[in-house]
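Examination of the molecular architecture
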Amino acid sequence: MSSISVTVSHQLDPQEAAQRIQSALAEALRTYQDRLEQGSFQWTDRVLNYRFQTMGVTVEGTLRVEPTQVVVEAELPTFAGVFRGMIEQQIRDRLSELLA
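Here the structure is a predicted model, which means the values were calculated and not measured.

Criteria and thresholds
Residues numbered from 1 in each chain as written. Predicted model: local features only at pLDDT ≥ 70, side-chain atom pairs only at ≥ 80, totals over all residues. Heavy atoms only, no water. Helix = DSSP H or I, 4+ residues; strand = E, 2+ residues; numbered from the N terminus. Buried < 20%, exposed > 50% of the residue type's maximum accessible area, 1.4 Å probe, protein only. Pairing = 2+ DSSP bridges. Axes fitted to C-alpha atoms, helices over the stretch in contact; angles between N-to-C directions. Contact = heavy atoms within 4.5 Å.

Phi at Asp45 is positive, roughly 55°, even though this residue is not glycine. Along the chain, Asp45 falls in the loop between strand S2 (36-44) and strand S3 (47-54). Under the relative-accessibility criterion, Asp45 is labelled exposed at 73%. The backbone of Met55 shows a phi angle near 50°, a positive value even though the residue is not glycine. When you line up the elements, Met55 lands in the loop between S3 and strand S4 (57-65).

Right, dumping it as structure tokens:
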């Protein structure tokens, strides 16, 4: 397995940050529903536990909305480690946009 971890700072109320992420996730799930073979996305307070499969690849991890930052951690299959930097950058860019 290959691990990724992305931290993005924010100045929002943590509940507002979580709401923005929840809305963006709901939109992404609608947009890409035909590409998801399986998916589980469960929020508990401001922590999202997720696991999904797309194109035969399973990804699982957590997203934590903390008072001054959002932390995304995920486990990817070993072969996906080649794309680790690109995946982390896309997550960082999208979260920075959402939390601005």
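So, next bit.
A separate point is the sheet that holds S2. The 5 strands lie next to each other as S1-S5-S4-S3-S2, forming an open sheet whose pairing is antiparallel. Each end of this open sheet is capped by a strand with a single partner; those strands are strand S1 (2-9) and S2. The average undirected angle you get between the axes of adjacent strands in this sheet is 10°. Both S3 and S4 contribute to a ladder of 8 bridges, which runs antiparallel. Paired with Phe52 across the two strands is Val59, which belongs to S4. Of the strands in this sheet, S2, S3, S4 and strand S5 (69-76) touch helix H1 (residues 14-31), which is tilted by about 165° from S2.

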